[in-house]
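Here are the chains, one letter per residue:
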Amino acid sequence: MNERLDRLSVPLHSRIVPANGVPLHVVEAGPQDGPPVVLLHGFPEFWYGWRHQIPALAEAGFRVIVPDQRGYNRSAKPASVAAYDIDALVGDIIALLDAYGLERSHVVGHDWGAVVAWVLAMRHPESLQQLVVANVPHPAVFRETLGSSWEQLQRSGYIFFFQIPRLPEWWLGRNDGANLARMLRGSAHADTFTAEDLAAYRRAWRRPQAVRSMVHWYRAAARRVLRGGLPKARIEVPTLVVWGAQDVALSRQMARPSAERCRDGELVVIEEATHWVQHDASDRVNDLLLQRLRP
């Protein structure tokens, strides 16, 4: 398979799962009778963004379920912006749990996957055992900070660029995703993404309408804000917030207030890590997951 399912140290299985009216590509690892954990990637990654965590969790006895979220890689790519509204994205994960016959699961999210995880925990706490979010604040904290911090507004300037019709996907995808790759490398340490990693990402970005669909996540979020914003609810699920302190897009000042929006929240800041904390500090993140989730 061109995604190199064989490059990890544990057996991986790939399948298409009908979920919420949108076929999702899912990679699985670990024993089927193990405690389930769903890993949700963000922009501009796909299931492969959890390549450092999948083996550690599977070898510890977890049933690891890693979807390509809608619009990414081998999952379906609806054409409309409305199809990427947060309600639809959260609905995908609820439908995925139903498809696997799971009443509850641990959920781990990074970047946009963390946004989905936050809102999932607000709206469907009964479906989660524990929540882990990496380098994305609680949605209410982000909105409040964006309105009060000129620094964060500047850091988030690319979001406004993504609202322009057609131009962002052309710019990001041109020259075989050169600018997407530049964004990744520019926000990471020099050794965070290898040439092999970028080749895997480029294969995903080349899929028809993939870049457009990824940008639609940002457009749908902006429309949601104009309609009244994302939920503000306190998180009742036990939550771990992991934050790479060298994130160039999201200020660490949002990390502690996000953990404080949780009834049972814990914050771990990893000083040497960037936004790509699960790559930069993979062993540390794996240890945190294993300590926190406990099969």
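Residues numbered from 1 in each chain as written. Predicted model: local features only at pLDDT ≥ 70, side-chain atom pairs only at ≥ 80, totals over all residues. Heavy atoms only, no water.

What about the nonpolar core?
At step 1: Counting 100 residues, the largest nonpolar core has I54 and V64 as its most contacted members.
At step 2: Here this core gets ten residues from one element, more than from any other, and that element is helix 3 (residues 112-123). (Core = buried A, V, L, I, M, F, W, Y, C linked by side-chain atoms within 4.5 Å. Buried < 20%, exposed > 50% of the residue type's maximum accessible area, 1.4 Å probe, protein only. Helix = DSSP H or I, 4+ residues; strand = E, 2+ residues; numbered from the N terminus.)

Focus on the pattern of salt bridges
At step 1: This model, assessed by the stated rule, comprises 14 salt bridges.
At step 2: A salt bridge links D197 to R51; its shortest N-O distance comes to 3.2 Å. You can see D197 sitting in helix 8 (residues 195-205) and its partner R51 sitting in the loop between strand 3 (36-40) and helix 1 (54-59), a full 146 residues away along the chain.
At step 3: On the basis of relative accessibility, which here comes to 4%, the residue D197 falls in the buried class.
At step 4: As a salt-bridge pair, E151 and R155 come within 2.7 Å of each other at their nearest N and O atoms. One end of the pair, E151, and the other, R155, are both in helix 5 (residues 150-155), four residues apart, so they sit about a helical turn from each other.
At step 5: Residue classification places R155 among the partly exposed residues on the basis of a relative accessible area of 25%.
At step 6: Connected via shared salt-bridge partners are D85, D87, R123 and R224. (Salt bridge = Lys/Arg side-chain N within 4 Å of Asp/Glu carboxyl O.)

So, unusual backbone geometry
The bulk of non-glycine residues show a negative phi, and the bulk of peptide bonds are trans.
At step 1: Going from F43 to P44, the amide bond is cis rather than trans, its omega being -10 degrees.
At step 2: Looking at the secondary structure, you find P44 in the loop between strand 3 and helix 1.
At step 3: Within the chain, R166 stands out as a residue other than glycine whose phi angle is a positive 65 degrees.
At step 4: Counting through the fold element by element, R166 comes out in the loop between helix 6 (157-161) and helix 7 (167-186).
At step 5: Despite not being glycine, D176 shows a phi value in the positive range, around 60 degrees.
At step 6: By the secondary structure assignment, D176 is in helix 7.

Overview of helix 12 (residues 282-293)
At step 1: The end-to-end C-alpha distance of helix 12 is 16 Å, a good match for the 16 Å that twelve residues give at a rise of 1.5 Å each.
At step 2: Among the residues of helix 12, those classed as buried are S282, V285, N286, L288, L289, R292 and L293. Along the axis of helix 12, the buried residues cluster in a sector spanning 160 degrees; they form a single face.
At step 3: Count one or two residues on from helix 12 and you reach R294, which has phi positive near 50 degrees. (Expected span 1.5 Å × (residues − 1). Arc of directions from axis to C-beta.)

Side note on a nonpolar patch on the surface
At step 1: A cluster of nonpolar side chains, I164, L167, W170 and W171, forms an exposed patch at the surface whose accessible area comes to about 370 Å².
At step 2: Structurally, W170 is set in helix 7. (Patch = residues over 30% accessible without salt bridge, like charges linked within 9 Å, V, L, I, M, F, W, Y side chains within 5 Å. Areas by Shrake-Rupley, 256 points an atom, 1.4 Å probe, with all protein chains shown as cover.)

Quick word on the sheet that holds strand 7 (residues 239-244)
At step 1: With mixed pairing, the eight strands of this open sheet are ordered in space as 1-2-4-3-5-6-7-8. Unpaired on one side and paired on the other, strand 1 (13-19) and strand 8 (265-270) mark the two borders of the sheet. Recorded for the sheet is a direction-independent mean angle of 20 degrees between the axes of neighbouring strands.
At step 2: Pairing between strand 1 and strand 2 (residues 22-29): seven bridges, direction antiparallel. Bridge pairing in strand 2 places I16 opposite H25.
At step 3: Strands in contact with helix 12 are strand 3, strand 5 (105-110), strand 6 (128-134), strand 7 and strand 8; relative to strand 8, the strand with the most contacts, it is inclined by about 165 degrees. (Pairing = 2+ DSSP bridges. Axes fitted to C-alpha atoms, helices over the stretch in contact; angles between N-to-C directions. Contact = heavy atoms within 4.5 Å.)

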